[in-house]
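Report on the structure
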Amino acid sequence: MSDVTETLHILSIDTPVSRVGLGTWAIGGAMWGGADDAQSIATIRSAVERGINLIDTAPVYGFGHSEEVVGRALEGVRDKAVIATKAALEWGDSGIRRNSTPARIQKEVEDSLRRLRTDYIDLYQIHWPDTLVPFDETAAALEKLREAGKIRAIGVSNFSPAQMDVFRRAAPLAAVQPPYNIFERAIEADVLPYATREGLVVLAYGALCRGLLSGRMDAGTTFDGDDLRKFDPKFQAPRFAQYLAAVAELKDLAQSRYGKSVLALAIRWVLDQGPTIALWGARRPDQLNGVHDAFGWKLSAQDLADIDAILSKHVTSPVGPEFMAPRLRDLAA
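As the structure is a prediction and not an experimental result, all values here were calculated from the model. What you see as residue numbers is a count from 1 along each chain, following the sequence as written. Residue-level local features of this predicted model are given only where pLDDT is at least 70; pairs of side-chain atoms are given and counted only at 80 or more, and the full residue set underlies all totals for whole chains, interfaces and linings. Note that water and hydrogens are dropped before the side-chain values are worked out from all heavy atoms of the structure.

A tally of helices and strands in the protein chain yields nine helices and 12 strands. Computation of the radius of gyration draws on C-alpha atoms alone. For the globule rule, the value is 2.2 Å times the number of residues to the power 0.38. Taken over C-alpha atoms, the radius of gyration comes to 19 Å for the protein chain, in line with the 20 Å a tight globule of 333 residues would show. Along the three orthogonal principal directions, the C-alpha set of the protein chain runs to about 55 × 50 × 40 Å. Contacts were defined at the residue level, with two residues in contact if any of their heavy atoms lie within 4.5 Å. In the protein chain, the proportion of contacts linking residues at least 24 apart, taken out of those at least 6 apart, comes to 77%. Working definition: helices are DSSP H or I runs of at least four residues, strands are E runs of at least two. Numbering for both runs from the N terminus.

Next comes the structure, spelled out in structure tokens:
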């Protein structure tokens, strides 16, 4: 029996999509302190076995490595998975930059298809808006790929409603992928109501706030190597203590009212906000344990109010995920 009991329909994708998706940024290794490919493959296969059929990746995750691992893991079970990947970031000695020119997209889709060992991508997303290229020009390039059968559906990530409006002049938009979790809610002011109104599915990345809402961290938790949490303001003093205090009280709420973990609470919270899919980042099979606990119940209006009160009480200097945004290209370079 599947651990995941809720699905959504994404425009142009025939297969119902699980409302929890596997996020594979950490599986790429870079910016997460390395990765173990054998464990990563086992994690992806475990996700599929549990009914998590949406596997979200990107070329920039490990600079191609995440896509390669996903491709290896899904050999023989490709028909059971909905692959979401991205385009429009490039990297080199000068770092990561946005580039959504049609030429860049054409190169990236071929590279992604090869790494993923597939002849089509279910959901192809522009990773970050590149304001140096007209959005409808980028959209037209993706629509050509869709008409050619190389991709099934088109999405964007980190776009504003105004940017999506321009994009949609040239291509049917199926999904938007923004950061969204109990602690990071900027999209409630614009992107979430826009998606709800326009029939877009929201793929909420960072649903566990980079592990903060897993319930596994404490004041002694440290991060090694190139782990991006060494640079994330949420994980630095004095904010780290504030967020941990909030997590502790959220944990008590989840346990006392529903007998659930704070992790299940965090996922349920995302799922109760609208046409949302929660992306659950994992790189070991055991990190998927408990996914079934997010289903079969809903948060009440009182629960939601109490969650907000907990945040107001403990998190006195909140901060968003803005530190992750890649830079624009320098056309003069």
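The length a helix should cover is 1.5 Å for every residue beyond the first. With 14 residues, helix α9 (residues 301-314) extends 20 Å between its outermost C-alpha atoms, agreeing within 8% with the 20 Å of an ideal straight helix rising 1.5 Å per residue. Within α9, the full set of buried residues consists of D303, D306, I307, I310, L311 and H314. The buried residues of α9 occupy an angular sector of 140° when projected down its axis, which confines them to one face. Exposed residues lying more than 90 degrees from the buried face of α9 are A301 and S312. Each element contacted by the buried residues of α9 is listed here: α7 (239-258) and α8 (262-271). Exposure classes here rest on a 1.4 Å probe applied to the protein chains alone. A residue is buried below 20% of its type maximum, exposed above 50%, and partly exposed in between. It is the directions from the helix axis to the C-beta atoms that the arc portrays.

All right, on to the pattern of salt bridges then. In the sections that follow, a salt bridge refers to a side-chain nitrogen of Lys or Arg positioned within 4 Å of a carboxyl oxygen of Asp or Glu. Throughout the structure, instances matching the rule amount to 27 salt bridges. A salt bridge links R268 to E6; the shortest N-O distance between them is 2.8 Å. A residue pair is termed long-range when its members are at least 10 positions apart, and R268 in helix α8 and E6 in the segment before β1 (7-8) qualify at 262 residues. With relative accessibility at 0%, the residue R268 sits in the buried group.

What follows concerns the nonpolar core. For this analysis, a nonpolar core means a set of buried residues of the types Ala, Val, Leu, Ile, Met, Phe, Trp, Tyr and Cys, connected via side-chain atoms within 4.5 Å. Core analysis: the largest hydrophobic core is formed by 89 residues, its most contacted members being F167, F183, L212, L250 and I267. Broken down by element, this core gets its largest block of residues, nine residues, from α8. Among residues more than four places away in sequence, those in contact with F167 are I126, F135, T138, A139, L142, I154, V156, F159 and L173. Counting residues in each nonpolar core, the second largest holds 22 residues, with L54, W128, L203 and Y205 among its members.

Right, let's get into the packing of aromatic side chains. Note on aromatic pairs: the rings of Phe, Tyr and Trp (six-membered ring only in Trp) are paired at centre separations within 6.5 Å, and the planes decide the class, stacked below 30 degrees, edge-to-face beyond 60, tilted for the rest. Taken as a whole and judged by the stated rule, the model has nine aromatic pairs. For the ring pair W25 and Y61, a centre distance of 5.7 Å and an interplane angle of 20° mean the geometry is stacked. Here W25 is found in the loop between β3 (20-23) and α1 (37-49), whereas its partner Y61 is found in the loop between β4 (54-56) and α2 (65-73), with 36 residues between them in sequence. For Y61, a relative accessible area of 9% gives the class buried. Look at F223 and F235: their rings are 5.4 Å apart centre to centre, the planes differ by 85°, and that puts the pair in the edge-to-face class. Within this pair, whereas F223 is found in the loop between β11 (201-204) and α7, its partner F235 is found in the loop between β11 and α7, the two being separated by 12 residues in sequence. Taken as a pair, F223 and F235 share a single burial class, namely buried.

For the rest of this paragraph, the subject is the sheet that holds β11. Within the closed barrel, the eight strands sit side by side as β3-β4-β5-β8-β9-β10-β11-β12. Their pairing is parallel. In this sheet, neighbouring strand axes are inclined to one another by 30° on average, regardless of whether the strands run parallel or antiparallel. We call two strands paired when DSSP finds no fewer than two bridges between them. Looking at chain direction, β11 and strand β12 (residues 276-281) are connected through three bridges and run parallel. Its bridge partner lying in β12, V202 is registered against T276. Every axis corresponds to a line fitted to the C-alpha atoms, with the helix fit spanning only the stretch in contact, and the corresponding angles, defined between N-to-C directions, vary from 0 to 180 degrees.

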